[in-house]
Amino acid sequence: MANFQRVTELHHLIHQYNHQYYVLDEPSVPDVEYDRLMRELITIELEDPSLKSLDSPSQKVGGEALKAFTQVTHQVPMLSLDNVFSDDEWQAFVKRIHDRLVSDKVFEICAEPKLDGLAVSLRYEQGVLVQAATRGDGAVGENITENVRTIKSIPLKLIGDDYPSVLEVRGEVFMPKSSFDALNEQALKKGEKAFANPRNAAAGSLRQLDSKITAKRNLAFYVYGVGFIGDSNQNLSSEGIQITNKYNEDWLSNSHYQRLCQLKKLGLPMCPEVKLLKGSDLVDAFYQNILKLREQLSYEIDGTVFKVDDIALQSKLGFVARAPRWAMAYKFPAQEETTQLLDVDFQVGRTGAITPVARLNPIFVGGVTVSNATLHNQDEIDRLGIKINDFVTIRRAGDVIPQIVSVQLHKRPENAADIIFPATCPVCDSEVLRAEGEAVLRCTGGLFCAAQRKEAIKHFASRKALDVDGLGDKLVEQLVDEKLISTPADLFRLTELDVSIMERMGKKSAANLISGLVNARKTTLPKFVYSLGIREVGETTASNLAHYFLTFEAIKLASEEQLQKVPDVGAIVARNIIHFFKQQHNIDVVNDLETIMTWPIIEKKSADQQPLLDKTFVITGTLSQMGRNEAKAALQSLGAKVSGSVSVKTHYLVAGEKAGSKLTKALDLGVEVLNEDDLVDLLNEHGVTA
Ligand code: I6G
């Protein structure tokens, strides 16, 4: 009896902590306390298995592996949704609704993001989750109860006692982007195949016969509707089926949006982006807003879903074939398409890297027309097994540059031809070399190569380097082509007359550029070091070099061993720096620049001015009180090292809004996590305001 009482208490506490942690995102007890209660429960259940019930929180860890999935016939069919892709199609849908209702009255709309996951049906009897099923063909799905029980945010027991004895809800199981990244990272480390996208990963995880595997996959769930309610298996209600007890359709709100809120109160997670719109003219703004938010959302979506909110109107509209007439998915433009690889060009970059660029039959994908995509290097070409004239799958997600994801081998044409790398630089004809252990082929022409010259000057003038006002990439190309400049230092010898003869260059723009160049002469040592474009010396490394050596002279003269003492500088970067300062054309340009440019002296800070000296920080997510660069600069000013990736060497992770896989990794590694307020406090404590 004492044990039974304790088990009841433990259920109550753990369900409550799960809900606070996984649904409300408001953890209320430390992890150790949670683990202690869970261990206590499992121990009691092991000692007396009769105390283990279907709604025990211990079920979240998975159970015995199944031999096969059984089938479940849905009491009420699981429908699918019709799609539209354009405003015209959407307007036609709205018109059909008005026509069918014989009314032009404005109707409210419940608007939701369309999650890229799997639809499931959850059945609760007396508030306890008793069955979960996939949609299957709509009539019959697979019984995935054991797996669904392990999904942390799905309640095994509904909250409170105000619910019908049978409640079936429908929603989407999905894998958050951060869990997907972590899962693929692990798979690649183990030499296993990565999942192509979070949807496949969610599907693969739900189809595990061993629910212990599903339990480790970090799936999540949002509810999108009610399947049916009833007081017994016989006496059910869904769209018109009569029921008699107090939990009839009156218990359910007559607004779809409010129904979701009711389900949320029972502990079922509801997507926070769901909105009630006053009319169909607000649909476009919702769609555009979600499209804009898409990259920041912690889960993958492929569009929006709009539903007539009034349940009475839904009933009047009814269904067509297998989809409701009152709901519509307004999908985003496809992110994957098929096109043909017409040819491959070879581009020479700033460091001489020769990059194969795919010339594609132009294709509309992810909202833009794509005609080029990088093939990176020979290794990538080998990995894809791609040939000229092959049909390929192109993916463009959000603002991410388009990628060739795979070759459609079954469509390979007879004239498919191997991609051959050039034997000499396609721009300057110099020898090309592939360094040992590198995938990249490089032109050895250095600044003699016009392509490298152009790229080096563009980098020198770019925003994060000297930020020369009025000097865009096109103008740099023209100036090099016209032989007015051949090194970054030549920029400072340009006159207004020189530049005013350039295409589309009026007197005013010419004067602006010259004044931009005058201003750019005054810089800082970190920016100057970065502007030189030394291989793998990014902003952080440049800043670390400047603060370690204090003068440019010292950086130039540093040995490989001295360089490696600088935070962020390993053997490869040290060798790149030494190599850069050994080359005569670099020595000439650097000497020239030193006579033209100035920067303030960096004072060596004493140890008490650098209280964060041996501490490594990583910043992730969106900060609202300062930019990430500002936060980084503020931390660096206190001596901290700011790195781009989380590892065992990380001391603190600063996690802003929508932090993703870095936060997961930090938590896995036990790295201390600071939120933005903690960071501000830490900076203030040391007299820095960011
Ligand atoms: O498959 C679906 C995904 C999302 C849906 C759905 C949904 O609402 C946000 N709603 C309905 C009514 C159906 N399928 C049938």
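Note that this is a predicted model, so its numbers are computed, not measured.

Visitor: So, a positive patch on the surface: which residues are in play, and what are the values?
Guide: Residues Lys52, Lys190, Lys212 and Lys216 make up a contiguous surface patch of positive charge. Structurally, Lys52 is set in the loop between α2 (31-47) and β1 (71-73). On the basis of relative accessibility, which here comes to 46%, the residue Lys52 falls in the partly exposed class.

Visitor: Any chance you could break down the sheet that holds strand β24 (residues 652-655) for me, citing the residues and the numbers?
Guide: Strand order in the open sheet formed by 4 strands is β23-β22-β24-β25, with parallel pairing between adjacent strands. Of all the strands in the sheet, just β23 (641-643) and β25 (672-674) have a single pairing partner and so form its edges. Across this sheet, the average inter-strand angle for adjacent strands is 30°, counted without regard to direction. Direction of pairing for β24 relative to β25: parallel, over a ladder of 3 bridges. The partner of Tyr652 across the bridge, within β25, is Glu672. Here helix α23 (residues 661-669) sits on the sheet in contact with β22 (616-620), β24 and β25, set at roughly 145° to β24.

Visitor: An account of the site of the ligand is requested, with residue identities and associated values reported.
Guide: Around the ligand, a shell composed of Leu79, Ser80, Leu81, Glu112, Arg135, Glu172, Tyr224, Val305, Lys307 and Trp326 is seen. Here a nitrogen atom of the ligand and a side-chain polar atom of Tyr224 are 3.4 Å apart. For the ligand, whose unbound accessible area comes to 370 Å², protein coverage reaches 91%. Taken together, the residues that form the shell around the ligand break down as 5 nonpolar, 1 polar and 4 charged.

Visitor: Please provide a residue-by-residue account of helix α5 (residues 177-189), values included.
Guide: Since there are 3.6 residues in each turn of an α-helix, residues three or four apart along the chain are aligned in direction. Between its terminal C-alpha atoms α5 stretches 18 Å, which fits the 18 Å expected from 13 residues at 1.5 Å a residue. By the burial criterion, the buried members of α5 are Lys177, Ser178, Ser179, Phe180, Leu183, Asn184 and Ala187. Contact partners of the buried residues in α5: α6 (198-206) and α23. In the stretch just after α5, Gly191 is the one whose phi turns positive, near 75°.

Visitor: Give me the lowdown on helix α22 (residues 628-637), citing residues and values where you can.
Guide: The set of residues buried in α22 consists of Ala631, Lys632, Ala634, Leu635 and Gln636. Tucked inside the fold, the buried residues of α22 contact α17 (539-549), β22, β23 and α24 (676-685).

Visitor: So what about the pairing of strand β8 (residues 220-230)? Which residues, and what values?
Guide: Taken across its 11 residues, β8 has 9 buried, putting it largely inside the fold. Examined bridge by bridge, strand β7 (residues 166-174) and β8 share 9 bridges and lie antiparallel to one another. Directly across from Val169, in β8, lies its bridge partner Val226.

Visitor: Mind laying out the packing of aromatic side chains, listing which residues take part and the relevant values?
Guide: Counted under the stated rule, the structure contains 20 aromatic pairs. Arranged with centres 5.2 Å apart and planes meeting at 45°, the rings of Trp90 and Phe93 form a pair that is tilted. Of this pair, Trp90 and Phe93 both sit in helix α3 (residues 87-101), 3 residues apart, roughly one helical turn. Residue classification places Trp90 among the buried positions, given a relative accessible area of 2%. Each ring, one from Tyr287 and one from Phe332, has its centre 5.2 Å from the other, and the planes form 65°; the classification is edge-to-face. Of this pair, Tyr287 sits in helix α9 (residues 283-293) while Phe332 is found in the loop between β14 (327-331) and β15 (336-348), placing the two residues 45 residues apart along the sequence. Phe332 matches Tyr287 in its accessibility class, with the two residues each being buried. An aromatic cluster is defined as three or more aromatic residues linked by ring pairs; in this entry it consists of Trp90, Phe93, Phe286, Tyr287, Phe306, Tyr330 and Phe332.

Visitor: How would you summarise the side chain of Gln408 if you had to cite specific residues and measurements?
Guide: Tracing the chain through its elements places Gln408 in the loop between β19 (403-407) and β20 (432-434). Side-chain polar atoms of Gln408 contact the side chain of Thr393, separated by 2.9 Å. When neighbours within four sequence positions are excluded, Gln408 is seen to be in contact with Thr338, Phe391, Val392 and Thr393.

Visitor: Explain the pattern of salt bridges residue by residue, including any values.
Guide: Across all of its chains, the model carries 30 salt bridges by this definition. Note that Glu455 is salt-bridged to Lys458, the shortest N-O span being 3.0 Å. Taken together, the residues Glu455 and Lys458, both in helix α12 (residues 450-461) and 3 residues apart, mark about one turn of the helix. Using a relative accessible area of 12% as the deciding quantity, one classes Lys458 as buried. Three or more residues are tied together by salt bridges with common partners; here these are Arg123, Glu125, Glu168 and Arg170.

Visitor: Describe in detail the nonpolar core, supporting the description with residues and values.
Guide: Core analysis: the biggest nonpolar cluster contains 69 residues, and Trp90, Leu122, Tyr124, Val148, Leu206, Leu268 and Phe306 have the highest contact counts within it. Beyond its immediate sequence surroundings of up to four residues, Leu206 is in contact with Phe69, Leu118, Val120, Ile144, Asn147, Val148, Ile151, Val173 and Leu219. Counting 54 residues, the second largest nonpolar core, distinct from the first, contains Ala489, Met505, Phe528 and Leu532.

Visitor: Quick rundown of the pairing of β7? Include the residues and the values.
Guide: Across the 9 residues of β7, 9 count as buried, placing the element largely inside the fold. Direction of pairing for strand β4 (residues 118-125) relative to β7: antiparallel, over a ladder of 8 bridges. Paired with Val120 across the strands is Gly171, a residue of β7.

Visitor: Residue-level account of the sheet that holds strand β10 (residues 275-277), with values.
Guide: If you walk across this open sheet you meet the 5 strands as β2-β14-β11-β3-β10, and the pairing is mixed. Each edge of the open sheet is held by one strand with a lone partner, namely β2 (83-84) and β10. One ladder, built from 2 bridges, connects β2 with β14; its direction is parallel. Bridge pairing in β14 places Val84 opposite Tyr330. Of the strands in this sheet, β2, β3 (109-115), β11 (301-308) and β14 are in contact with α3, which crosses β14 at around 175°.

Visitor: Tell me what's going on with the packing of α12 against helix α13 (residues 473-481), and back it up with residues and numbers.
Guide: Across the interface, α12 lies against α13 with an axial gap of 9 Å and an inter-helix angle of 135°. In this view, α12 runs oblique relative to α13, as classed from their interaxial angle. For α12 against α13, the interelement crossing comes out right-handed. Together, Arg453, Lys454, Ile457 and Lys458 of α12 and Asp473, Val476, Glu477, Val480 and Asp481 of α13 make up the contact between the two elements. Along the lines of polarity and charge, the residues of the contact of α12 with α13 split into 3 nonpolar, no polar and 6 charged.

Cut-off values and rules
- Residues numbered from 1 in each chain as written.
- Predicted model: local features only at pLDDT ≥ 70, side-chain atom pairs only at ≥ 80, totals over all residues.
- Heavy atoms only, no water.
- Patch = residues over 30% accessible without salt bridge, like charges linked within 9 Å, V, L, I, M, F, W, Y side chains within 5 Å.
- Areas by Shrake-Rupley, 256 points an atom, 1.4 Å probe, with all protein chains shown as cover.
- Salt bridge = Lys/Arg side-chain N within 4 Å of Asp/Glu carboxyl O.
- Lys, Arg positive; Asp, Glu negative; His and termini not counted.
- Charge placed at Lys NZ, Arg CZ, Asp CG, Glu CD.
- Helix = DSSP H or I, 4+ residues; strand = E, 2+ residues; numbered from the N terminus.
- Buried < 20%, exposed > 50% of the residue type's maximum accessible area, 1.4 Å probe, protein only.
- Pairing = 2+ DSSP bridges.
- Axes fitted to C-alpha atoms, helices over the stretch in contact; angles between N-to-C directions.
- Contact = heavy atoms within 4.5 Å.
- Near = heavy atom within 4 Å.
- Polar contact = N/O pair within 3.5 Å; in protein donor to acceptor, adjacent residues only side chain to side chain.
- Nonpolar A, V, L, I, M, F, W, Y, C, P; charged D, E, K, R; others polar.
- Expected span 1.5 Å × (residues − 1).
- Phe/Tyr/Trp six-rings, centres within 6.5 Å; stacked < 30°, edge-to-face > 60°.
- Core = buried A, V, L, I, M, F, W, Y, C linked by side-chain atoms within 4.5 Å.
- Parallel < 35°, antiparallel > 145°, perpendicular 65-115°, else oblique.
- Left-handed = near helix turned anticlockwise from the far one by under 90°.

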